[in-house]
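Results of the structural survey
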Amino acid sequence: MKKSASLSPVRKGVAASAGLLVVFLAAWQWGPGLLGVPTFIVPPLSMVAREFVYAWQFDHLLLHTGVTIAEVLAGFALGSLLGSFVGYLLGMSPTAELALSPYILALQIAPKVAFAPLFILWMGFTVYPKILVAVLIVFFPVMVNVLTALRTIDPDLINLARSFKATRAQIFWKVEFPTSMPPMFAGLRIGATLAVVGVVVGELVGGNVGLGYLLTFGEGQADTPLVFVSIVMLTLVGAIAYLGVILVEHRVLHYLPERHVDGNI
Amino acid sequence: MLTPPVSSLTRLEYRAVTMRFVDRHGSGLTAVRDVSFSVRDGEVVSLIGPSGCGKSTLLNIGSGLTAPSEGVALVDGSPVAGPNAQVAFMLQKDLLLPWRTVTENVMFGIEIQRVPPVERKERARTLLEKFSLAEFSSHYPHQLSGGMRQRVALARTLAIDPHVLLLDEPFSAVDAQTRIVLQRDLARTLAEAQKTALLITHDLLEAVTLSDRVLVMSRRPGSIVDEIAIDMGQRDSPLARRADRKVNDYVARLMDRLDIAHASLDHEEAGGTE
Ligand SMILES: Nc1ncnc2c1ncn2[C@@H]1O[C@H](COP(=O)(O)OP(=O)(O)OP(=O)(O)O)[C@@H](O)[C@H]1O
Ligand SMILES: [Mg+2]
């Protein structure tokens, strides 16, 4: 009784979601035609699907997607490692935080994607500038979340550990590090989607491989369906990265109470 | 039942302890002034006093987390120079780690103190059984009620087998019924293990039913203004003490000493800003 009552809103939600998808796809397929929008402005679904098959066969779609995924993964991994490392470092050393915070703030305010052309000047049309933009863009949400977690930790918790004669390292590994996990994952989730943005901007600016490149290529050819295919693939890459983080998060933060998606707690 | 014998050995002592804090504007604030008292082995002493009179400050000094401005705290005769394994504290907040199971939380202190794993598990198991928490040993804190969480915190405190327990309003956040159960468990445990304890509380009935002696503190700057011995026996059974009519006399005396009848809420103002 209780179970079905708490399940049905989820089911309703899923059904509504699926319904919306069908409506959206149908609108995409027939909407432009009905409204008289030319196919080079909004190509219908079937045309994009055909383009997908074509791009897969003749435009190395798989290669471009693979390269983008690799860059996203590399940028995300490096950026989050660096971000959490610096976050812990600053969190444990107030002096370092005071000394570095103005520069970090400046860097945080600067639009990271604007560095893309600069990195390409430095490193050429390789994968590195793309990865670097992603690193830079992923770095901040992760670092800020880790730092805030350490800043807002309950001092009584630290005192409890201290009262047991914990060493600095024990306090870090047994209290601070685990406490920082939930905010860190929140940062990683943001980072996962931002990594895609960073990589795409890098690819748009320069290079001849990756989904960002495919976008500009499609644009140059006035090949609207190809642009659409690229956008869809990029969304897919972002979604997979995001889901990957969520999956790991559920594993790591298994001890947290279930989040009630259905809203009736 | 008999109240366990209290030996003459001094476990915890405060000698002329004064604590001054410097606030953000650089002006000083004397939280406690010239506090001296001692707690004998196996004795349970309660500390009562108005909010902000420096009770928690004294507890922090005893546990070695903060150093007094003047004077010294001694545990087993040696000055407290930092946290030490003889002393354990417990607060109103349970401070359980959400990523640790009940057992793992109980083992937190002994793990830090590098007690071998086998012994750790054994101690946790024994304590959890004693506090009827055995069936929850692999639960996470969020799955427990407030009273159960506080009992886990007590088990964690006892796990390191300290000589002295410093308890800062340990049960003030739980409901009245749970509190009575927790008080019973605590009193029994303290008596059985013959632990020495300093209990801070705002609950006068709790002070009377759980302790051998009650120390009354003045408003800030806090100092000890009175000491009342509770000569009721049965310190291991707060419920039995509750039933004793003498309890009311003691509570009335404490109220009188705290000047509660005449006190307005002006201690809030004296208590300073948080
Ligand atoms: N770290 C600190 N820095 C500055 N002032 C402090 C600090 N800790 C405590 N105080 C001040 O010292 C006084 C005593 O504080 P304490 O927490 O010991 O009071 P308390 O008797 O435990 O009060 P309560 O009954 O409300 O818990 C308060 O006025 C408080 O503001
Ligand atoms: Mg206090």
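Calculation criteria
Residues numbered from 1 in each chain as written. Chains lettered and ligands numbered in written order. Predicted model: local features only at pLDDT ≥ 70, side-chain atom pairs only at ≥ 80, totals over all residues. Heavy atoms only, no water. Core = buried A, V, L, I, M, F, W, Y, C linked by side-chain atoms within 4.5 Å. Buried < 20%, exposed > 50% of the residue type's maximum accessible area, 1.4 Å probe, protein only. Contact = heavy atoms within 4.5 Å. Near = heavy atom within 4 Å. Polar contact = N/O pair within 3.5 Å; in protein donor to acceptor, adjacent residues only side chain to side chain. Areas by Shrake-Rupley, 256 points an atom, 1.4 Å probe, with all protein chains shown as cover. Helix = DSSP H or I, 4+ residues; strand = E, 2+ residues; numbered from the N terminus. Nonpolar A, V, L, I, M, F, W, Y, C, P; charged D, E, K, R; others polar. Axes fitted to C-alpha atoms, helices over the stretch in contact; angles between N-to-C directions. Parallel < 35°, antiparallel > 145°, perpendicular 65-115°, else oblique. Left-handed = near helix turned anticlockwise from the far one by under 90°. Domains from an automatic or database assignment. Buried area = accessible area lost by both parts, 1.4 Å probe. Salt bridge = Lys/Arg side-chain N within 4 Å of Asp/Glu carboxyl O.

Residues and elements named next belong to chain B. Tyr 14 and Leu 58 are the most contacted members of the largest nonpolar core, which totals 111 residues. The contacts of Tyr 14, once residues within four sequence positions are left out, are Val 35, Ser 36, Phe 37, Leu 58, Leu 59, Ile 61, Gly 62, Val 72, Ala 73 and Leu 198. By size, the runner-up hydrophobic cluster in this structure holds 14 residues, among which are Val 216, Ile 228, Val 247 and Val 251.

Residues and elements named next belong to chain B. The immediate surroundings of ligand 1 are formed by 14 residues, with Ser 51, Lys 55, Ser 56, Thr 57 and Arg 220 found nearest. Gly 54 is positioned such that a nitrogen or oxygen atom in its backbone is 3.0 Å from an oxygen atom of ligand 1. For ligand 1, an oxygen atom lies 2.7 Å from a polar atom in the side chain of Ser 56. Protein contact buries 67% of the 630 Å² of open area that ligand 1 shows by itself. Mapped by element, the contributors of at least two residues to the shell around ligand 1 are strand 2 (28-40) and helix 1 (55-62). Of the residues contributing to the shell around ligand 1, the split by class is 4 nonpolar, 7 polar and 3 charged.

Residue and element names in this part refer to chain A. Following both chains from N to C, one finds helix 9 (residues 211-220) and helix 10 (residues 224-252) inclined at 165°, their axes separated by 8 Å at the closest point. As the angle between them shows, helix 9 and helix 10 are arranged roughly antiparallel. Between helix 9 and helix 10 lies a crossing whose hand is left-handed. Of helix 10, the residues touching helix 9 (which contributes Leu 211, Leu 214, Leu 215, Phe 217, Gly 218 and Glu 219) are Leu 226, Val 227, Ser 230, Ile 231, Met 233, Leu 234 and Val 237. When grouped by side-chain class, the residues that make up the contact of helix 9 with helix 10 number 10 nonpolar, 2 polar and 1 charged.

This part takes up the side chain of B:Asp212. Residues and elements named next belong to chain B. One can find Asp 212 in the loop between helix 7 (204-210) and strand 9 (213-217). Asp 212 sits in the buried class, given a relative accessible area of 13%. Here Arg 235 takes part through its side chain, which lies 2.7 Å from a polar atom of the side chain of Asp 212.

Residues and elements named next belong to chain B. We note that the domain assignment places domain 1 (10-86 + 166-263) and domain 2 (95-161) within chain B. In this assembly, 11 residues from domain 1 lie in contact with 11 residues from domain 2. Both sides of the domain 1 and domain 2 interface together cover about 950 Å² of buried area, and 66% of this is carbon and sulfur. At the junction of domain 1 and domain 2, the tally comes to 2 salt bridges. Residue Glu 192 is joined to Lys 130 by a salt bridge in which the shortest nitrogen-to-oxygen separation is 2.9 Å. Inspection of the domain 1/domain 2 interface yields 3 residue pairs in polar contact (both at pLDDT 80 or more). Counted by class, the side of domain 1 that touches domain 2 contains 6 nonpolar, 2 polar and 3 charged residues.

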